[in-house]
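So you can see what is in the structure, the chains are spelled out below.
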Amino acid sequence: MALDGERLRIKDLPADIRPRERFLRQGPAALSSAELLALVLSTGGRARNALEVATELMGKHGTLDRLASATPGELTQTRGVGEVKALHLLAAFELGRRLRGLPPRTRPVIRRPSDAAALVVDELRFCETERFWVLLLNTRHEVVDRIELTRGGLASSPVHPREVFRAAVRGGAAAVIVVHNHPSGDPSPSRTDVALTRRLDRAGRVVGIPVLDHLVVGDGRYVSLRERGVAFGSAAGDAR
């Protein structure tokens, strides 16, 4: 801790009450508005730390909406807030306003193989090399992300189950659908496709992230191994 008369810096505070450490440990919801402002300010003035400056800003303006509507000149009247810090604050508030103004996010829902195919066929049908994608789904079977794991040659794009489920775990997926294309235009599954799907199905049941389907895409056509009734064990759930 700083001695009396010395500037008290945030890093001099105990670790369990520093805004940055609390943010990382407990998340942003655990911080007060002043603490969040202090993180945006990053540093304070010559005699005060960022948390003290942020606390004064909140005291002067009363509420966040009033602070957000302040002008740069009004913000710089607080000691420790120069023009650059005032612009940082106003930029953060403007981002918040834009975020609130976004329309509700709609995510495609996969109820049947044709729903998944509609998301990938047009993009994959003309690819001259084989690509392997993973669609990450949440518990409502909404697609939350699409990840390309490999991009191979004319005939194959090798992939290992650990790569599929590493992507799924990182993305917080509740289930996945795997997709790859055949540059030849013929979506008929090969023996390798079937064998890989069986390995993915078994691995998915072990890690608790089911593989709902494996789509093979050709020129404007696709094959669902789930619909074909091959490669998936009887314990796997359906794609609805």
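Along each chain, residue indices are assigned from 1 in the same order as the chain's sequence is written. At least 70 in pLDDT is required for a residue's local features to be given in this predicted model, at least 80 for side-chain atom pairs to be given and counted, and no such filter applies to totals for whole chains, interfaces and linings, which use all residues. Side-chain numbers come from the whole structure's heavy atoms, not from hydrogens or water.

Chemist: Provide a residue-level description of the overall build of the protein, including the pertinent values.
Modeler: Runs of H or I in DSSP of at least four residues are treated as helices and runs of E of at least two as strands, each being numbered from the N terminus. Scanning the protein for helices and strands turns up 10 helices and five strands. Across the 240 residues that make up the protein, the buried fraction comes to 41%. Note on contacts: a residue pair is in contact if any heavy atoms of the two residues lie within 4.5 Å. Taking all contacts inside the protein whose residues are at least 6 apart in sequence as the whole, residues at least 24 apart take part in 57%. Accessible area of the protein: about 13800 Å², with a carbon and sulfur share of 52%. Any residue under 20% of the maximum accessible area for its type is buried, any over 50% is exposed, and the rest in between are partly exposed; the area is computed with a 1.4 Å probe on protein chains only. To be clear on the numbers: accessible area is Shrake-Rupley with a 1.4 Å probe, and residue cover counts the displayed protein chains and nothing else.

Chemist: An account of the packing of helix α2 (residues 33–41) against helix α3 (residues 50–61) is needed here, citing residue identities and associated values.
Modeler: Packing of α2 against α3 brings their axes to within 8 Å, and their N-to-C directions diverge by 125 degrees. Taken together, the axis directions place α2 and α3 in an arrangement best described as oblique. Crossing handedness for the pair α2 and α3: right-handed. Counting all contacts with α2, which are made through S33, A34, E35, L37, A38 and L41, the residues of α3 involved are A50, L51, V53, A54, T55, L57 and M58. When its residues are assigned to classes, the contact of α2 with α3 shows 10 nonpolar, two polar and one charged. Simply put, an axis is a line fit to the C-alpha atoms, just over the touching stretch for a helix, and the angle between two N-to-C directions goes from 0 to 180 degrees. Here the angle decides the label: under 35 degrees means roughly parallel, over 145 means roughly antiparallel, 65 to 115 means roughly perpendicular, and every other value means oblique. Helix crossings are classified by the rotation of the near helix relative to the far one: an anticlockwise turn of less than a right angle makes the crossing left-handed, while a clockwise turn makes it right-handed. For this classification, the nonpolar set comprises Ala, Val, Leu, Ile, Met, Phe, Trp, Tyr, Cys and Pro, the charged set comprises Asp, Glu, Lys and Arg, and every other residue, Gly included, is treated as polar.

Chemist: Describe the environment of L67, and please don't skip the residues or the numbers.
Modeler: Note that L67 resides in helix α4 (residues 64–68). Taking the C-alpha atoms as reference points, L67 and L57, separated by 10 residues in sequence, lie 7.6 Å from one another. The residues contacting L67, other than those within four sequence positions of it, are L37, L57, M58, H61, L75, L90 and F93.

Chemist: Describe the packing of aromatic side chains, naming the residues involved and giving the relevant values.
Modeler: Here the aromatic set is Phe, Tyr and Trp, taking the six-membered ring for Trp, and pairing holds for ring centres within 6.5 Å; pairs whose planes are under 30 degrees apart are stacked, those over 60 apart are edge-to-face, and all others are tilted. The tally for this structure, following the rule as stated, stands at zero aromatic pairs. The criterion is that NZ of a Lys, or CZ of an Arg, lies within 6 Å of the ring centre and within 35 degrees of the ring normal, and then a charge sits over that ring. Against the face of W133 rests R146, its NZ or CZ located 3.7 Å from the ring centre. The positively charged end of R226 is found above the aromatic ring belonging to F232, 3.9 Å away from the centroid.

Chemist: I'd like a description of the sheet that holds strand β2 (residues 143–151), backed by residues and values.
Modeler: Judged by pairing direction, the sheet is mixed, and its five strands sit side by side in the order β2-β1-β3-β4-β5 without closing on themselves. Each end of this open sheet is capped by a strand with a single partner; those strands are β2 and β5 (222–224). For this sheet the average axis-to-axis angle between neighbouring strands, irrespective of direction, equals 20 degrees. Across six bridges, the pairing between strand β1 (residues 131–137) and strand β3 (residues 175–181) is antiparallel. Among the inter-strand pairings, L135 is bridged to a residue of β3, identified as I177. Across the sheet, helix α9 (residues 191–207) is in contact with β1, β3 and β4 (211–217); its angle to β4 comes to roughly 160 degrees. Paired strands, in this sense, are two strands between which DSSP finds at least two bridges.

Chemist: An account of the nonpolar core is needed here, citing residue identities and associated values.
Modeler: Here, the term nonpolar core denotes a set of buried Ala, Val, Leu, Ile, Met, Phe, Trp, Tyr and Cys residues that are joined through side-chain atoms within 4.5 Å. Judged by nonpolar contacts, the single largest core of 21 residues is most densely connected at F132, V164, V176 and L200. Of all the secondary structure elements, the ones that give two or more residues to this core are β1, α8 (161–170), β3, α9 and β4. Of the residues forming this core, the biggest block, four residues, is contributed by α9. Counting residues in each nonpolar core, the second largest holds 18 residues, with L37, A50, L57 and L75 among its members.

Chemist: Can you explain the pattern of salt bridges? Please cite residues and give values.
Modeler: We define a salt bridge as a side-chain nitrogen of Lys or Arg found within 4 Å of a carboxyl oxygen belonging to Asp or Glu. By the definition in use, this model includes 11 salt bridges. Measuring nitrogen to oxygen at the nearest pair gives 2.7 Å for the salt bridge that ties E35 to R22. One end of the pair, E35, is in helix α2; the other, R22, is in helix α1 (residues 19–26), with 13 residues separating them in the sequence. Residue classification places E35 among the buried residues on the basis of a relative accessible area of 11%. In this structure, R98 and E94 form a salt bridge, with 3.0 Å as the shortest nitrogen-oxygen distance. Here E94 and R98 lie together in helix α6 (residues 83–100), a separation of four residues that amounts to about one turn. A single salt-bridge network, built from bridges that share partners, covers R48, E56 and K60.

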